[in-house]
Structure formats: C-alpha cells, structure tokens
Amino acid sequence: MIIVMKPTATKQQVQHVVNLVREMGLKDHVIEGTDLTVVAVIGDDRKKDKDVVEQAPGVDRVMRVLAPYKLAALERKPERTAVTVGRSCVFGGKNIPVVAGPCSVENEKQILTTAKAVKQAGAQALRGGAFKPRTNPYAFQGLGEEGLKLLAAARDATGLPVVTEVLTPTEVDLVAKYADCLQIGTRNSQNFKLLDAAGRSGKPVLLKRGMAMTLDEYLQATEYILAAGNENVILCERGIRTFEDHTRNTLSLSAVPELHLRTHLPVIVDPSQGTGHARLVADMSRASVACGADGLIIEVHPDPEHAMTDGAQSITPGSLSELIVSLKKIAGAIDRDC
Ligand code: PEP
Ligand code: MN
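About the cut-offs
- Residues numbered from 1 in each chain as written.
- Chains lettered and ligands numbered in written order.
- Predicted model: local features only at pLDDT ≥ 70, side-chain atom pairs only at ≥ 80, totals over all residues.
- Heavy atoms only, no water.
- Near = heavy atom within 4 Å.
- Polar contact = N/O pair within 3.5 Å; in protein donor to acceptor, adjacent residues only side chain to side chain.
- Areas by Shrake-Rupley, 256 points an atom, 1.4 Å probe, with all protein chains shown as cover.
- Donors = N, O, S within 2.8 Å, 3.2 Å for Na, K, Ca; no water.
- Helix = DSSP H or I, 4+ residues; strand = E, 2+ residues; numbered from the N terminus.
- Buried < 20%, exposed > 50% of the residue type's maximum accessible area, 1.4 Å probe, protein only.
- Phe/Tyr/Trp six-rings, centres within 6.5 Å; stacked < 30°, edge-to-face > 60°.
- Domains from an automatic or database assignment.
- Pairing = 2+ DSSP bridges.
- Axes fitted to C-alpha atoms, helices over the stretch in contact; angles between N-to-C directions.
- Contact = heavy atoms within 4.5 Å.
- Salt bridge = Lys/Arg side-chain N within 4 Å of Asp/Glu carboxyl O.

A.B. asks: Help me understand the site of ligand 1 in this model?
C.D. replies: Around ligand 1 sit Cys103, Arg127, Lys132, Glu165, Gln183, Gly185, Thr186, Arg187, Lys208, Arg238, Gln273 and Glu299, and that is every residue in its neighbourhood. The side chain of Lys208 places a nitrogen or oxygen atom 2.7 Å from an oxygen atom of ligand 1. Within the contact set of ligand 1, an oxygen atom lies 3.2 Å away from a side-chain nitrogen or oxygen of Gln273. For ligand 1, the accessible surface in isolation is 290 Å², of which the surrounding protein chains cover 97%.

A.B. asks: Help me out: how do you make sense of the coordination of the manganese ion (ligand 2) in this one?
C.D. replies: Around a metal, the idealised angle for a tetrahedral arrangement of four donor atoms is 109.5 degrees; for an octahedral arrangement of six donor atoms it is 90 or 180 degrees. Binding of the manganese ion (ligand 2) to the protein goes through Cys103 (SG), Glu299 (OE) and Asp310 (OD), at separations of 2.1 to 2.4 Å. Sequence spacing of the donor residues for the manganese ion (ligand 2), all on one chain, is C-x195-E-x10-D. With Cys103 in the loop between strand 7 (98-101) and helix 3 (108-121) and Asp310 in the loop between strand 14 (296-299) and helix 11 (317-333), this pair connects stretches of sequence that are 207 residues apart. The partly exposed category is assigned to Asp310, whose relative accessible area is 22%.

A.B. asks: Help me understand the packing of aromatic side chains in this model?
C.D. replies: Both the distance between ring centres and the angle between the ring planes are used here to describe each pair of aromatic rings. The tally for this structure, following the rule as stated, stands at 1 aromatic pair. Judged by centre distance (4.5 Å) and plane angle (20°), the ring pair of Phe192 and Tyr224 falls under stacked. Remark: Tyr224 occurs in helix 7 (residues 215-227) and Phe192 occurs in helix 6 (residues 192-199); sequence separation between them is 32 residues. Phe192 sits in the partly exposed class, given a relative accessible area of 34%. Note on Tyr224: relative accessible area 37%, which makes it partly exposed.

A.B. asks: What should I look at first to understand the domain arrangement of the protein in this one?
C.D. replies: The accessible area lost on association of the parts is a frequent measure of interface size. Once the domains are mapped, the protein shows domain 1 (2-63) and domain 2 (83-333). Just the C-alpha atoms count here: the centres of domain 1 and domain 2 sit 44 Å apart.

A.B. asks: I keep staring at the sheet that holds strand 2 (residues 27-32) and nothing clicks. Help me out?
C.D. replies: In a beta sheet, neighbouring strands pair by backbone hydrogen bonds and run either parallel or antiparallel. One open sheet holds the 4 strands; their spatial order is 2-3-1-4, and the pairing between them is antiparallel. Only two strands of the sheet have a single neighbouring strand rather than two, namely strand 2 and strand 4 (59-63). Each strand axis lies, on average, 20° off the axis of its neighbour in the sheet, ignoring direction. With 3 bridges joining them, strand 1 (residues 2-5) and strand 3 (residues 37-42) adopt antiparallel strand pairing. Bridge pairing in strand 3 links Val4 to Val38.

A.B. asks: Looking at this structure, I do not really get the side chain of Asn249. What am I missing?
C.D. replies: Position of Asn249 among the secondary structure elements: in the loop between strand 12 (233-237) and helix 8 (255-262). The class of Asn249 is buried, set by a relative accessible area of 5%. At 2.8 Å, the side chain of Asn249 forms a polar contact with the backbone oxygen of Gln273. Setting aside its immediate chain neighbours within four residues, Asn249 contacts Arg238, Gly239, Ile240, Arg241, Gln273, Gly274 and Thr275.

A.B. asks: Just to check I follow, could you spell out the pattern of salt bridges for this structure?
C.D. replies: Pairing is possible between side chains of opposite charge, provided their charged atoms come close. Following the criterion strictly, the structure yields 19 salt bridges and no others. Here Arg80 ties to Asp294 by a salt bridge, and the two come within 2.9 Å at their closest N and O atoms. Of this pair, Arg80 sits in the loop between strand 4 and strand 5 (83-85) while Asp294 sits in the loop between helix 10 (278-290) and strand 14, and the two are 214 residues apart along the sequence. In this structure, Arg248 engages Asp310 in a salt bridge whose closest nitrogen and oxygen atoms are separated by 3.2 Å. Of this pair, Arg248 sits in the loop between strand 12 and helix 8 while Asp310 sits in the loop between strand 14 and helix 11, and the two are 62 residues apart along the sequence. Each member of the salt-bridge network shares a partner with another, and the members are Asp44, Arg46 and Lys70.

In structure tokens, the structure reads:
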C-alpha cells in the first residue's frame, strides 16, 4: 500500500498512520516531499483493510500495489496456464477451442443430434445445462441428473468432453461425476462456498464473469478456486449489465486483453449470453478470436425456434460450421489455430 497524506496533514497524523501500519505487523517508510508526505507500506498487506487506513485523519488516499489475488496474478506465473478439459481439449495454448451445444439439455435426441453436429462442425467440447439458473421459478429448471446422464451418453457417442453448470455446493460431487468441466454461472460467480467446493472437486472450472462484477472482483472470486487447490480455471467474459438495450448484455471484449495483463489463466468468450441475439453471435465470435480469446462457448440448437431456453441466441449447427471456417482464418492471422 502507498498512503498519500493530505498536504495539510500534521506530524501527529502521519505518526498515527505509521502506528497503524506497525500494528498491522508491517513496516513503514515515510517519504516527506515538498508538498505532501507519503507513507510506503512494506510487506504483504493483501489481508489488510485499506479502507480503514483511508479513514484515518490526514489521509488523502490509499493505493494498493500488490493485487489482492495472489495465486491468479500474472506476476506469480508469467506464462499462460494451459487447462485441459477431458483428454485433449486445451484452453490457454495456441489452439482456440470452441465449446458448443444447447443452452439446456432437453431430451436424448436433442443432445445427441446436437453433439454429433457440433463435432462435425469442428467444436472441441460439448456444452449443455442440466441444472439451469432461471430468473423465473416457474421456467424450465433443467433435467437435473437425467440431463447429466444424457450429456455423458453424448460424450460416449462423440468423444467430446462435457462442460455443464453446477448451481450449489451440495451438487458439486454429483455434477463432477458426469462432467469434464464444471461451469459456474454469472449469477453464482460470488457464491464463495460454491467456488470453494468447485475448487476441491478436482475438475477444471469454467467461471463466468458476474454480470455486475469488476475485473478486480472477478479475479478475487477466481482466487477462491485456486486457493482451494485447483489451478485449472478458465475465465469467461459473458457480458455485463449496462444501459445498452440492443443486446441482452454488453459483451465487454476489452476484458479479454485486460485479463491477460492481470492473470495467467485462459480467458474465453460467450457471445451467446453476451449478445442475446443469434444474428450477432458470428461477428462477436470473430471479434473475440481477434482480441486474443483462448476459446469460445457458443449456444447451438438444431431447432432454435423450439428450444426450451435461449432459442433467440442459439445458432444452428450449419451456422457453427460456417463460423468455424472463418474463425480459422482469423486465428491464423494471429499465429493461432482453431
Ligand atoms: C448459460 O451458459 O446458459 C448461462 C446460464 O450462462 P450465464 O451464467 O453466463 O448467464
Ligand atoms: Mn443459456
């Protein structure tokens, strides 16, 4: 921390701040400038509350130097972490995998047909929700364990590893039994007990950004999973809430390169939840690859008009196939492949 005193701060006020720093078990280094005094705090102050120091008389502002997320920070590990889902789907390497599939698992025919079609189109993993977080309690909540079994059958039929959402800490073991990667959704992104339980599951975790989360909060949430002993975390920008109303969410693509500057973890993009409109998915997927995304997660349904959830933002397998052809060209232009 760097504590900047007000130009009017008295010697007693500076001494009070120095005492506070020492009470925290940290060292101080007072720098008296011509206009104001700065107290540099020496030591690991990540567990200390900077706001308390900011309230002290004579303090103007306090700045953190160390990121509050120790394990997720790029400083700890300059090379990108490669997270392997299933046997060979790697996020964070040269290759940019596409995870594709329906928003929800609806029935055996739907998930099997979709899994085969997305594999044919070039997807490297299958998505599909068995436990759905719904705004309305009367809306379709997913097939539960039956849906997980169908996903496992689709994996057996295609070889595609499965990414699926887990909603509660008590269901982590159940979902981990069938899934290759646990998805934690935007609404649960600060459910700290769930993050911790997913961290202990031994499975890779795809953590979506909260729809009202700063990147700093996002990386602190991520830290819960890492601190539980699991470094296999894939981050996912899926759009945030803004005043914009031409899309369901505002897909904040600058979060991708910015996260790469702050963390070693791979970052993927969800252009489906990110836009809410099938017509925008292909362009935003291409933009995601261009800005450095380490993967994409895209909702695909063989019959979007009759999808039980998120039909409006689901593309068809045919569109996915065309999309992947163009993604390969963009990936090639930045020395990656797709
Ligand atoms: C989903 O992937 O279908 C989903 C519900 O995602 P999010 O948590 O980003 O809304
Ligand atoms: Mn969805």
